[in-house]
Amino acid sequence: MNEHFTAPALDVPAITARQVLKSFKGQEVLRGVDMTVEQGEVACLIGPSGSGKSTFLRCVNHLEKIDGGALYVDGEMVGYRRVGNRLHELKDAEVSARRARIGMVFQRFNLFGHMTALQNVAEAPMQVKGESREMAFERARELLVRVGLGHRLEAYPSQLSGGQQQRVAIARALAMKPRLMLFDEPTSALDPELVGEVLDVMRDLASEGMTMLIVTHEMHFAREVASKVAFMDQGAIVECTSPAQLFEQPRHPRTREFLSKVI
Ligand SMILES: Nc1ncnc2c1ncn2[C@@H]1O[C@H](COP(=O)(O)OP(=O)(O)OP(=O)(O)O)[C@@H](O)[C@H]1O
Ligand SMILES: [Mg+2]
């Protein structure tokens, strides 16, 4: 639909995780996560509660710092800059600049309650990127039309349904022209009848070539849209393969056990 949603070709994966470790107060939450997400790929991450899915997503976005292993986004080590053979920890401004290339959508929409849909979407491009008001609002309008909210531009979050709010949140993330979109259970807080409209927007994005890493419990969606599905358990990826393989012939007993409970 729109060429600027497709990341320009880079010859490095969008995400590379090698033996990523993360502990909270001595409790190991990520115990050696290995995963690669290629450019343009839609990867779904499934697994039981507490297995570390959100923590991993937060590490990719540098909202958490990893304790060991290596994590790269677009070939750049998360949190570090390489100068010659040395690694320098990024300053806050540099972290923010890199984070701006990654869109994140959470279970809770976290929209600004005192701003209209249009203002919510236009805000970051103006504040973070210094875009002109005119440009930011023009683009916000386009994005809201795109997620099916052209008729609710001036609505405040409290006047929108959960599904509409989540679509505003997606438009807001897209307004920063991210190269990569991370979704953490974007439909879990929604009434069942509103889930479909949000998944439709994500399906559209996928078909346009957006690189996405999606934590989800929507197995049908994962099966249909994902190019690969990773099953995470106890802080590690147990199995990562095509949806057909994972859902029909899971190799690992833990994957089988999990799927038998959720499907
Ligand atoms: N900031 C934190 N401080 C301490 N412990 C944390 C923190 N964040 C996460 N944890 C712990 O890390 C573990 C993994 O949490 P995480 O939220 O990543 O799991 P999850 O797979 O996303 O689960 P869910 O499906 O319920 O969202 C849990 O035991 C959680 O209690
Ligand atoms: Mg979670």
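Keep in mind that what you see is a predicted model, and the values were worked out from it rather than measured.

Participant: Where do I start with the pairing of strand E1 (residues 15–24) in this structure?
Facilitator: Relative to strand E2 (residues 27–37), E1 runs antiparallel, the two being bridged by eight bridges. Bridge pairing in E2 places Ser23 opposite Glu28. Relative to strand E4 (residues 68–73), E1 runs antiparallel, the two sharing five bridges. When the bridges of E4 are listed, Leu21 appears paired with Gly68.

Participant: Can you walk me through the sheet that holds strand E9 (residues 180–184) in this structure?
Facilitator: Two orientations exist for strands paired in a sheet by backbone hydrogen bonds: parallel and antiparallel. Within the open sheet, the six strands sit side by side as E8-E9-E10-E3-E11-E12. Their pairing is mixed. What marks the edges here is a single partner per strand, and that holds for strand E8 (102–105) and strand E12 (236–241). Averaged over neighbouring strand pairs, the angle between their axes works out to 15° when direction is ignored. In this structure, E8 lies alongside E9, joined through four bridges in parallel fashion. Across the sheet, the residue bridging to Met104 is Leu182, located in E9. Packing against the sheet, helix H6 (residues 192–207) makes contact with strand E3 (42–46), E9 and strand E10 (211–215), and its axis sits at approximately 145° to E10. Here helix H9 (residues 253–262) sits on the sheet in contact with E3, strand E11 (228–233) and E12, set at roughly 95° to E11.

Participant: Before we go on, may I ask you to explain the environment of Ser132 in this structure?
Facilitator: Examined against the element boundaries, Ser132 turns out to sit in the loop between helix H3 (117–127) and helix H4 (133–146). Taking the relative accessible area as the measure of exposure, Ser132 reaches 37% and is therefore partly exposed. For the pair Ser132 and Ala122, spaced 10 residues apart in the sequence, the C-alpha separation amounts to 9.7 Å.

Participant: How should the pairing of E9 be read in this particular structure?
Facilitator: The side chains of a regular strand alternate between the sheet's two faces. With five of five residues buried, E9 lies mostly within the body of the structure. Alternating residues of E9 divide into Leu180, Leu182 and Asp184 and Met181 and Phe183, and every residue in both groups is buried. Of the crossover connections in this fold, the one passing from E9 over H6 to the parallel E10 is right-handed.

Participant: Quick question: what am I supposed to make of the site of ligand 1 here?
Facilitator: For ligand 1, the full set of nearby residues is Phe24, Gln27, Val29, Pro48, Ser49, Gly50, Ser51, Gly52, Lys53, Ser54, Thr55 and Glu185. One of the side-chain N or O atoms of Ser49 is found 2.6 Å from an oxygen atom in ligand 1. One of the side-chain nitrogen or oxygen atoms of Lys53 is found 2.7 Å away from an oxygen atom of ligand 1. Relative to its free-state accessible area of 630 Å², ligand 1 is covered by the protein chains to the extent of 61%. Counting residues per element, the ones that place at least two in the shell around ligand 1 are E2 and helix H1 (53–60). Broken down by element, the shell around ligand 1 gets its largest block of residues, three residues, from H1. Of the residues contributing to the shell around ligand 1, the split by class is three nonpolar, seven polar and two charged.

Participant: Is there a simple way to explain the sheet that holds E2 in this structure?
Facilitator: Taking strand neighbours across the sheet as the criterion, the four strands line up as E2-E1-E4-E5 in an open arrangement whose pairing is antiparallel. Two strands close off the open sheet at either side, each with one partner strand: E2 and strand E5 (76–77). Contacting E1, E2 and E4, H1 crosses the sheet at an angle of about 65° to E2.

Participant: Help me out: how do you make sense of the nonpolar core in this one?
Facilitator: Generally speaking, soluble globular proteins have nonpolar side chains that are buried together. One finds Ile46, Leu144, Ile170, Met181, Phe183 and Met212 to be the most contacted residues of the largest nonpolar core, which totals 53 residues. Residue-level mapping places this core at the junction of two domains, with at least three residues from each of domain 1 (1–101 + 183–189 + 208–263) and domain 2 (108–177). Judged by nonpolar contacts, the second largest core, of 27 residues, contains Leu30, Ala43, Val215 and Met232.

Cut-offs applied
- Along each chain, residues carry numbers from 1 onward, in the same order as the chain's sequence is written.
- Each chain is given a letter, starting from A, and each ligand a number, starting from 1, according to the order in which they appear as written.
- Per-residue local features of the predicted model are confined to residues with pLDDT of at least 70, and side-chain atom pairs are confined, for both listing and counting, to 80 or more; whole-chain, interface and lining totals are unaffected and use all residues.
- Excluding hydrogens and water, the side-chain values take into account all heavy atoms of the structure.
- When DSSP finds two or more bridges between two strands, those strands count as paired.
- Only DSSP runs of H or I covering at least 4 residues are called helices, and only runs of E covering at least 2 are called strands; the numbering of each starts at the N terminus.
- Axis definition: a line fit to C-alpha positions, over the contact stretch in the case of helices; interaxial angles, taken between N-to-C directions, run 0 to 180 degrees.
- Every residue pair with non-hydrogen atoms within 4.5 Å of one another is taken to be in contact.
- Relative accessible area decides the class of each residue, using a 1.4 Å probe on protein chains only: under 20% of the type maximum gives buried, over 50% gives exposed, and in between gives partly exposed.
- Throughout, right-handed denotes a crossover for which the path from the first strand over the helix to the second runs clockwise when the strands point away from the viewer.
- Throughout, the term near means that a residue has one or more heavy atoms lying within 4 Å of the molecule or strand in question.
- Whenever a nitrogen or oxygen atom comes within 3.5 Å of another N or O atom, the pair is scored as a polar contact, on the condition that within protein one atom can donate a hydrogen and the other can accept it, and that pairs from neighbouring residues in sequence are kept only if both atoms are in side chains.
- To measure how exposed things are, a 1.4 Å probe is used in the Shrake-Rupley method; for residues, cover is taken only from the protein chains shown.
- When residues are sorted by character, Ala, Val, Leu, Ile, Met, Phe, Trp, Tyr, Cys and Pro go into the nonpolar class, Asp, Glu, Lys and Arg into the charged class, and all the rest, Gly among them, into the polar class.
- Buried Ala, Val, Leu, Ile, Met, Phe, Trp, Tyr and Cys residues form a nonpolar core when they are joined through side-chain atoms within 4.5 Å.
- In this document the domain limits rely on a domain assignment from an automatic tool or a database.

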